[in-house]
Structure formats: structure tokens, C-alpha cells
Amino acid sequence: MRAFLKKEWMEMTRTGKLLILCILFIMFGIMNPAIAKLTPWIMEMMKESIEESGFVIGKVTVNAMTSWTQYYKNAFMPVLVIVLMSSGVLTNEYQSGTLVQVVTKGLSRRKILLSKMISVYCTWTVLYMALYFGVTYVYTIYFWSEDKVEDLFAGIIFYWLMGMFILALVLLFSTIANNGGQVLMGTGIVYMVLFFLNYVPKLQKFLPFRLMDGLQLTMGSLKMEDFIPALITSSVSIVVCGMISIVLFDKRRL
Amino acid sequence: MHKMNVLEISGLEKRFGEKQVLRGVELTVPEKKVYGFVGRNGAGKTTTMKITLGLLEADAGTVKVCGESAHYGNTKTNRFIGYLPDVPEYYSFMTPMEYLKFCGEITGLPAKEIKTRSEEMLRLVGLGEEKRRIKGFSRGMKQRLGIAQALLGRPKLLICDEPTSALDPLGRKEILDVLVAAKEETTILFSTHVLSDVEHICDEMALLNDGKIVMQGSIEDVKKKRRSNAMEIELEKASDAEEMLRVFGKGQQNKEPQMLTVLRPGTLLLGEPSMQPEILRYMADHEIAFARMEKREATLEDIFLEAIKE
């Protein structure tokens, strides 16, 4: 299994995937504090045209909270990028037939799938924590060092878990789909279903979407215990998806 | 020590939707042989091989590799087998050496053995000096690398699916040479529709047609069984050939089947050996000169065509 993980790493670095991901995640990370920092300036630029239409702009103040608001607003982008990148993690190998040789060499299917899971989950965790969050955090501290932000980290971790949940779906669909498009479609359909279920007030606190509301925890409109049900359903879903994936992958024709 | 069968397939059946691809395949491959697995495209060769490797599920029948049953999914019997797929694909970002190292590691060979064996195998297939990544490899190079990876773990059985079909004559010869060299240490089952390849390197063969083995045995046996008695008669003058055809071509009183048929312009084929004296007498009487007259050797091609017709 170590050999297969090594191969995954080699693939990420040599094909330039890792480089692209790093650049994108750093860009996303810089964007949040940068937009916050530039807001007053942008407002100033547009002041005249806005005032002509009858609105009056007062003094615009930005602080660390503006930056974190941007963070949550833009966090779907890193998720989208990692999902797009991961949609081919197994399907590309089905299409090229490379796994046939790995299987006939005697590596068990479970070890292959487990390696894929580890590499996808680790990539997301490291890129999200170290780059998306890390870069935003460092710049926000740098610009607004005196601002106090409460309960920041819990919300950050919740969003990370949301990403893990989506990736669990991607991996699950990768065991049945034949190409990356089908993986994205399957994941998209589940996402849409959850999206509509989220309109049912009673369900809201159980759905993974709640994990994206970390900002409200930081602002105080939601409490920690409001997240517990969603945390549990999401974690259980990730494990269940993983188990179903293993069963399906064992039976899959390569 | 008694001779062991490396591969025993019996009663193998497989259907894809409406199409019954295998209808009870029986195949036995003895140790240390090069075994040719012949059949037309779509006859079921690849399907049989894939079932043996646990890549497809059989509907009925058993496959035993070195005495152990193979089954779909994770099959332990794959440790005995080296496999070369029809169109081998590799991780193109690796060099051949790295790929073999990767293969060795997932097979669980000791690190030291991997290194020496990889070098040995790459030298065997003529890729010893190749430092480039697999990305830019030609088909022939990929096939050769495929043999190297398949032989890496010293398999008891090497399964090659149409290893020469997509190659130019030179590439084909290289692969055949490598297979002959590999014969020293393993049993080879190789599928093909190129009969000259079978004649060149195989000890035994089986002919798969329409999902069944229609013929199986050593190359000599197969050829002997179907030795044809036909004579080829090449005449000096093409006009003589026409005359002979007019006299003997129809069969006497149009009752019997044709005795003489045209093989090529100027050359006739005599199907019925008992007619030989009569034909010769006619030629002597009419002063017809022949350039060549010989017994026709049955080629595998004839045997193949004949077996398929039935």
C-alpha cells in the first residue's frame, strides 16, 4: 500500500496537479483579506455614481470580521476545485486500464481504494488548513491585529468537514461511475437533494449544510450545540459512504 | 516429479447480455510450455484470460491456477501469474525502472531482489538504458515493458493477450524473441490470431472458435491430424491448365465433385489422390509439361479455416 501511496504522490507532483492546487488555494486564501482591505477604496471609487442614484454612503469600516465573512462566502471555491480535481481519481485509471495491472500484480482492491481515500482526504485537509485557512489567517492578523474574533476555529473545522463529506460522495460515485463527468453528476444530484431538503426547517440542523454556517457561530447567532446534529450526521455519512465504496469497488469491473 | 498443469479450465461459460461468448471452454496448459491460444477476433480469448485473472466473473465452470481455484475480485491465484494485457497502459509519469520498482513493491518482493530483477528484466527486453518517462514510448516499447513487468515476480504462468498484434514486423520479432527467452523460466499462454507466430514459438496450441475449444494439442499433432492429401500441379503453359480443367474440372458425367480446381493461374489443385495416375496418363498422352508437382503441406491456416468452417 505504501508503494501505491508513493505512486499517488509522484502523480500529484509530476503531473503538476499539486502545483496548480497550491497556487489556487493560496490565491483563494489571499483573496479574502484582500477584498476586505480593498472594500473602502472600491466604495470611494464608486461613491459618485452611487450617490447620483440617491444612496448615501457613510463611512465604511472594515475589520477582521469582514475578512472572515469573505472567507465563508468564498469557501465553496476551494471545495469546488478539489472536487473537480478528485473526480478523476479513480475514473481516469479505469479509462486508461492502469489499475488492471495493479490488481493482477496482487494488490488488493481495498488497499487501492484506501490509498485513494487517504490521498484525497489528506490533500484536502492540508490544502484547506495550511493554505486556504492559513493564508487568510496570517493576513487577517497582519491587517487587523487588534480585532478579537470569537469561536473562529470551530467554524473553520466545520467547513473542512463539509469538504470531507462532499469528497466522500465523490469517492463513492467514483467506484460506480465510468468517467469523471458521471462522478460530478452523482455528487451534484446528492448536493441538490440536500439543498432542497435544507428548506425543511426541522431538517436544517441535521444536514451537512449547517457546517457551512461557521460565520454565525463566530458572530454569535448560532451556538455550538446547534452544530452537533450536523456534525454527527456528516461524520456518520462519511464513514458509511466509505464502507459502501469498499463493497462496490470489490465488485467493480476494471 | 510428475508433470503439473499450470492452468486447468473446465466448463467455462460466460454471457454478455444477449451474447453467449464462452460455451464450455476446456483448456489444460502443462508446465514449461509455450501455449498458443488461437482464435478469431471476438472468439472469446480475452474473456477467458480475464476470467482466469479474476477480472471478469464466470457464469459457470472452474479455473484452477497451479491447483488453486481462481475467482472474481481479489483472487489469490494472481500471485502465480504475470499478465500482459492487449494494450498495456502504465503510469506515464514514471520511468521504466520506477514502474518496475512500483510493481515489485506491490507484489511484495524484497527491495534487493526488486533492484536486481528489474535490471535483469529491462535488459532482457532491451530497455536497460531507457531513462525517459513512459509517456513517450512507442507501442512496441510498451509491449516490451509489459513483458518485463509481467515476468518481474517470476510467475509460474505468463499470460499474454495478443502481444504481437499491433506491432510492425520488427517489433513482432522482438517480442517473440523475448518470449522464447522467457520460456526458460515460465509457462507461457499467449493468445493470437497470427498463425505464423504460433508456428514459430509454440509447443502446443488450442483453437477457440465460437466459445468452444475445437482443437487442442501439440503443433505437430494438430498438423498431422489434418494432413491434406491434395496435390499441387503447376503447368508450364497456362493454356494447358485450361485444357486440363475442361477435361477433369467438371468431374465425370458431372456426378462427382470437382477433381481439379484452380489454385492460381497456371496451377491446379488435385483434391482426390486416387485420380493421380489418370491425370498423369492424360498429361503424358497429350504431351503436357509440368513445372512442379508436389504434395500440399497443410498450413495452420488451412487447419484453422477448416476447423472454423465446421
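Predicted model only: the values in this text are computed from it and were never measured.

Colleague: Got a minute to help me understand the overall build of chain B in this structure?
Modeller: Secondary structure assignment for chain B yields 10 helices and 14 strands. In terms of its C-alpha atoms, chain B occupies a principal-axis envelope of roughly 80 × 45 × 45 Å. Buried residues in chain B amount to 50% of all 310 residues. Restricting to contacts in chain B with at least 6 residues of sequence separation, those with at least 24 account for 67%. Of the roughly 15300 Å² of accessible surface on chain B, a fraction of 49% belongs to carbon and sulfur atoms. Looking at chain B, you have 46 positive and 48 negative side-chain charges, and the mean spots of the two groups are 5 Å apart.

Colleague: Which parts of the structure should I look at to understand the side chain of B:Thr164?
Modeller: Mapped onto the secondary structure, B:Thr164 falls in the loop between strand S7 (157-161) and helix H5 (169-182). Non-local contacts of B:Thr164, meaning those with residues more than four positions away in its chain, are made with B:Arg172, B:Ile175, B:Leu176, B:Thr192 and B:Asp197.

Colleague: How should unusual backbone geometry be read in this particular structure?
Modeller: Across residues other than glycine, the phi torsion is negative in most instances, and most of the peptide bonds are trans. Residue and element names in this part refer to chain B. Even without glycine at this site, Lys-32 takes up a positive phi of about 55°. Among the secondary structure elements, Lys-32 is positioned in the loop between strand S2 (19-30) and strand S3 (34-39). Of the residues examined, Lys-32 reaches a relative accessible area of 43% and is grouped as partly exposed. Backbone geometry at Glu-162 places phi at a positive 45°, although glycine is not the residue there. Looking at where Glu-162 falls in the secondary structure, it is placed in the loop between S7 and H5. The class of Glu-162 is buried, set by a relative accessible area of 10%.

Colleague: I would appreciate a short explanation of the layout of surface pockets in the present structure.
Modeller: Space left empty within the atom packing is revealed by a probe, the size of a water molecule, rolled over the atoms. In this structure, the largest pocket encloses a volume near 550 Å³. If you trace the largest pocket, you find 28 residues lining it, with A:Lys105, A:Gly106, A:Leu107, B:Asn78 and B:Arg79 closest to the centre. Among the elements of the structure, helix H6 (98-104) of chain A together with strand S6 (81-84), helix H2 (96-107) and helix H4 (139-151) of chain B are those that each provide at least two residues to the lining of the largest pocket. Broken down by element, the lining of the largest pocket gets its largest block of residues, three residues, from H2(B). Looking at the lining of the largest pocket, its residues break down into 11 nonpolar, 11 polar and six charged.

Colleague: Would you mind showing me how to read the packing of helix H8 (residues 238-248) of chain B against helix H9 (residues 276-285) of chain B here?
Modeller: In a pair of packed helices, the angle between the axes and the distance between the axes together describe the arrangement. Residue and element names in this part refer to chain B. Running from N to C, H8 and H9 point in directions that differ by 130°, and their axes come no closer than 12 Å. With respect to their mutual orientation, H8 and H9 come out oblique. As H8 packs across H9, the resulting crossing turns out to be right-handed. Packed against H8, whose contacting residues are Glu-243, Met-244, Val-247 and Phe-248, the element H9 presents Glu-278, Ile-279, Tyr-282 and Met-283 at the interface. Here the residues of the contact of H8 with H9 are counted per class, giving six nonpolar, no polar and two charged.

Colleague: Please clarify how the domain arrangement of chain B should be interpreted in this entry.
Modeller: Where interface size is given, it is often the accessible area lost as the parts come together that is meant. By the assigned domains, chain B splits into domain 1 (5-225) and domain 2 (231-297). Computed from C-alpha atoms alone, the centre-to-centre distance between domain 1 of chain B and domain 2 of chain B is 46 Å.

Colleague: Where do I start with empty space enclosed by the protein in this structure?
Modeller: All names here are of chain A. For the structure on display, the rule yields one cavity of 30 Å³ or more. What lines the largest cavity is a set of 16 residues, among which Glu-8, Met-12, Lys-17, Met-85 and Val-89 lie closest to the centre. Taken together, the elements giving at least two residues each to the lining of the largest cavity come down to helix H1 (2-14), helix H2 (17-52), helix H4 (76-86), helix H5 (91-96) and helix H7 (109-143). It is H7 that provides the largest number of residues to the lining of the largest cavity, a total of four residues. For the lining of the largest cavity, the per-class residue count stands at six nonpolar, five polar and five charged.

Colleague: Would you take a moment to explain H4(A) for this structure?
Modeller: One turn of an α-helix holds 3.6 residues; hence residues three or four places apart share an orientation. Looking only at H4(A), the buried set comprises A:Pro78, A:Val79, A:Val81, A:Ile82, A:Val83 and A:Ser86. Elements that come into contact with the buried residues of H4(A) comprise H2, helix H3 (64-74), H7, helix H8 (152-176) and helix H9 (180-197) of chain A.

Colleague: What is the right way to look at the sheet that holds strand S9 (residues 204-209) of chain B in this model?
Modeller: Note on sheets: strands pair through backbone hydrogen bonds, and any given pair is parallel or antiparallel. Residues and elements named next belong to chain B. Taken together, six strands build an open sheet; the order of strands is S6-S7-S8-S3-S9-S10 and the sheet is mixed. The two strands at the open ends of the sheet, each matched to only one other strand, are S6 and strand S10 (212-218). Taking each pair of neighbouring strands and ignoring which way they run, the sheet shows an average axis angle of 15°. Direction of pairing for S3 relative to S9: parallel, over a ladder of five bridges. Bridge pairing links Gly-36 to Met-205 in S9. Across the sheet, helix H10 (residues 300-309) is in contact with S3, S9 and S10; its angle to S9 comes to roughly 35°.

About the cut-offs
Residues numbered from 1 in each chain as written. Chains lettered and ligands numbered in written order. Predicted model: local features only at pLDDT ≥ 70, side-chain atom pairs only at ≥ 80, totals over all residues. Heavy atoms only, no water. Helix = DSSP H or I, 4+ residues; strand = E, 2+ residues; numbered from the N terminus. Buried < 20%, exposed > 50% of the residue type's maximum accessible area, 1.4 Å probe, protein only. Contact = heavy atoms within 4.5 Å. Areas by Shrake-Rupley, 256 points an atom, 1.4 Å probe, with all protein chains shown as cover. Lys, Arg positive; Asp, Glu negative; His and termini not counted. Charge placed at Lys NZ, Arg CZ, Asp CG, Glu CD. 1 Å grid on protein atoms, 1.4 Å probe; cavity = no way out; pocket = protein on both sides within 12 Å on 5 of 7 lines; lining within 4 Å. Points joined across faces, edges and corners; volume = space filled by probe spheres on them. Nonpolar A, V, L, I, M, F, W, Y, C, P; charged D, E, K, R; others polar. Axes fitted to C-alpha atoms, helices over the stretch in contact; angles between N-to-C directions. Parallel < 35°, antiparallel > 145°, perpendicular 65-115°, else oblique. Left-handed = near helix turned anticlockwise from the far one by under 90°. Domains from an automatic or database assignment. Pairing = 2+ DSSP bridges.

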